[in-house]
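Structural characterization, general
As a plain string of letters, each chain reads:
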Amino acid sequence: GDSVTQMEGPVTLSEEAFLTINCTYTATGYPSLFWYVQYPGEGLQLLLKATKADDKGSNKGFEATYRKETTSFHLEKGSVQVSDSAVYFCALSVQGNTPLVFGKGTRLSVIA
Amino acid sequence: KAGVTQTPRYLIKTRGQQVTLSCSPISGHRSVSWYQQTPGQGLQFLFEYFSETQRNKGNFPGRFSGRQFSNSRSEMNVSTLELGDSALYLCASSSERPSYGYTFGSGTRLTVV
């Protein structure tokens, strides 16, 4: 079945450090790929998405590139801030009406 | 544009009771999905409704049920509550299909004692 694997957390970084959160997927078709972020006490917010191979999604300084050859969608940010502390979820949906499948989430803590 | 609204935000119930959670999607969105979030299992898909019909269903027992009304508002019901049902229940809406991306509500925190 379809699945998403994220790197284990928690990840702790100093402010202005470079962030990478790894995400790989297994899918039966050609999925759309997503990154969601969850701040404490809130629901998930869509951070960025990509719908086909080599697409780059970007938002708020975060980027991820859809790599079909490596089945990956790693999240990167050049300089993290304390306000980026949250849990990040990678997700996929195979084209059509199938529900989103989420990874386990990676908790990021950024310290000043 | 109003977001996805879930009510109530917090609930405490006793084992054996039943509970109903409500979700109002973004105006114009016809797809509503429900997820259960727990620290151990992460996000698990419960079901999805589209135009009042259940379109997808996850692997949860029959105690978990849902419905959608003609105005796209959705409810989920859990009967005969168990301690393990304690979780954050998240509702997400999408314009047509999940592959377009979801907008999530803030969730309902259910505690079963």
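Before any of the text, the structure's been laid out above.
The following paragraphs examine the structure supplied in this document. Computed from a prediction, not measured in an experiment: that's the story for all the values here.

Broken down by element type, chain A carries zero helices and twelve strands. In chain A, the order of α-helices and β-strands from amino to carboxyl end is β-β-β-β-β-β-β-β-β-β-β-β. The C-alpha atoms of chain A give 13 Å as radius of gyration, which agrees with the globular expectation for 112 residues (13 Å, within 12%). Referenced to the eigenvectors of the C-alpha coordinate spread, the extents of chain A come out at roughly 40 × 30 × 20 Å. When burial is assessed residue by residue, chain A has 45% of its 112 residues classed as buried. Counting contacts in chain A only where the partners sit at least 6 residues apart, residues at least 24 apart contribute 57% of the total. Counting only carbon and sulfur atoms, one obtains 49% of the accessible surface of chain A, whose full area is about 5300 Å². Of note, chain A has its 9 positive side-chain charges centred 5 Å away from the centre of its 11 negative side-chain charges.

Hydrogen bonds along the backbone pair up the strands of a sheet, which may run parallel or antiparallel. Residues and elements named next belong to chain A. Across the sheet, which stays open at both edges, the four strands sit in the order β3-β9-β8-β7 with antiparallel pairing between neighbours. Where the open sheet ends on each side, the last strands, each with one partner, are β3 (19–21) and β7 (56–59). Shown here is a sheet whose adjacent strand axes are inclined to one another by a mean of 15°, direction ignored. Bridge analysis of β3 against strand β9 (residues 75–77) gives three bridges, and the strand direction is antiparallel. The partner of Thr-20 across the bridge, within β9, is Glu-76.

Looking now at the interface of chain A and chain B. A common way to state how big an interface is: give the accessible area lost once the parts meet. With 21 residues of chain A in contact, the opposing surface of chain B contributes 21 residues. Contact with chain B buries surface across chain A, with Leu44(A), Asn97(A) and Pro99(A) losing the most and accounting together for 31% of the total. Summed over the shared surface of chain A and chain B, the number is zero salt bridges. Where chain A packs against chain B, one counts five residue pairs in polar contact (both at pLDDT 80 or more). Put simply, the parts of the chain that give the side of chain A that touches chain B at least two residues each are β5 (31–38), β6 (44–50) and β10 (86–94) of chain A. If one sorts the elements of the side of chain A that touches chain B by residue count, β5(A) sits on top with four residues. Here the residues of the side of chain A that touches chain B sort into nine nonpolar, nine polar and three charged.

Attention now goes to the sheet that holds strand β7 (residues 64–68) of chain B. Residues and elements named next belong to chain B. Read from one edge to the other, the open sheet built from four strands follows the order β1-β3-β8-β7, with strand pairing classed as antiparallel. Two strands bound the open sheet, and with one partner strand each, they are β1 (5–7) and β7. Within this sheet the neighbouring strands show an average axis-to-axis angle of 15°, counted without direction. Of the strand pairs in this sheet, β1 and strand β3 (residues 19–24) are connected by three bridges, and their pairing is antiparallel. When the sheet's bridge partners are listed, Gln-6 is paired in β3 with Cys-23.

Before going further, it helps to spend a moment on the nonpolar core. Counting residues in each nonpolar core, the largest one holds 26 residues, and the members touching the most others are Trp35(A), Leu48(A), Phe73(A), Leu75(A) and Tyr88(A). Where this core is concerned, the elements lending two or more residues are β2 (11–14), β3, β4 (23–26), β5, β6, β8 (62–65), β10 and β12 (106–111) of chain A. Of the residues forming this core, the biggest block, five residues, is contributed by β10(A). Other than its neighbours up to four places away in sequence, Leu48(A) contacts Leu33(A), Phe34(A), Trp35(A), Gly57(A), Ser58(A), Asn59(A), Phe62(A), Glu63(A), Ala64(A), Phe73(A) and Leu75(A). If you look at the next biggest cluster of nonpolar residues, it comprises 21 residues, including Val19(B), Trp34(B), Phe64(B) and Met76(B).

Analysis parameters
- Residues numbered from 1 in each chain as written.
- Chains lettered and ligands numbered in written order.
- Predicted model: local features only at pLDDT ≥ 70, side-chain atom pairs only at ≥ 80, totals over all residues.
- Heavy atoms only, no water.
- Helix = DSSP H or I, 4+ residues; strand = E, 2+ residues; numbered from the N terminus.
- Rg over C-alpha atoms; globule rule 2.2 N^0.38 Å.
- Buried < 20%, exposed > 50% of the residue type's maximum accessible area, 1.4 Å probe, protein only.
- Contact = heavy atoms within 4.5 Å.
- Areas by Shrake-Rupley, 256 points an atom, 1.4 Å probe, with all protein chains shown as cover.
- Lys, Arg positive; Asp, Glu negative; His and termini not counted.
- Charge placed at Lys NZ, Arg CZ, Asp CG, Glu CD.
- Pairing = 2+ DSSP bridges.
- Axes fitted to C-alpha atoms, helices over the stretch in contact; angles between N-to-C directions.
- Buried area = accessible area lost by both parts, 1.4 Å probe.
- Salt bridge = Lys/Arg side-chain N within 4 Å of Asp/Glu carboxyl O.
- Polar contact = N/O pair within 3.5 Å; in protein donor to acceptor, adjacent residues only side chain to side chain.
- Nonpolar A, V, L, I, M, F, W, Y, C, P; charged D, E, K, R; others polar.
- Core = buried A, V, L, I, M, F, W, Y, C linked by side-chain atoms within 4.5 Å.

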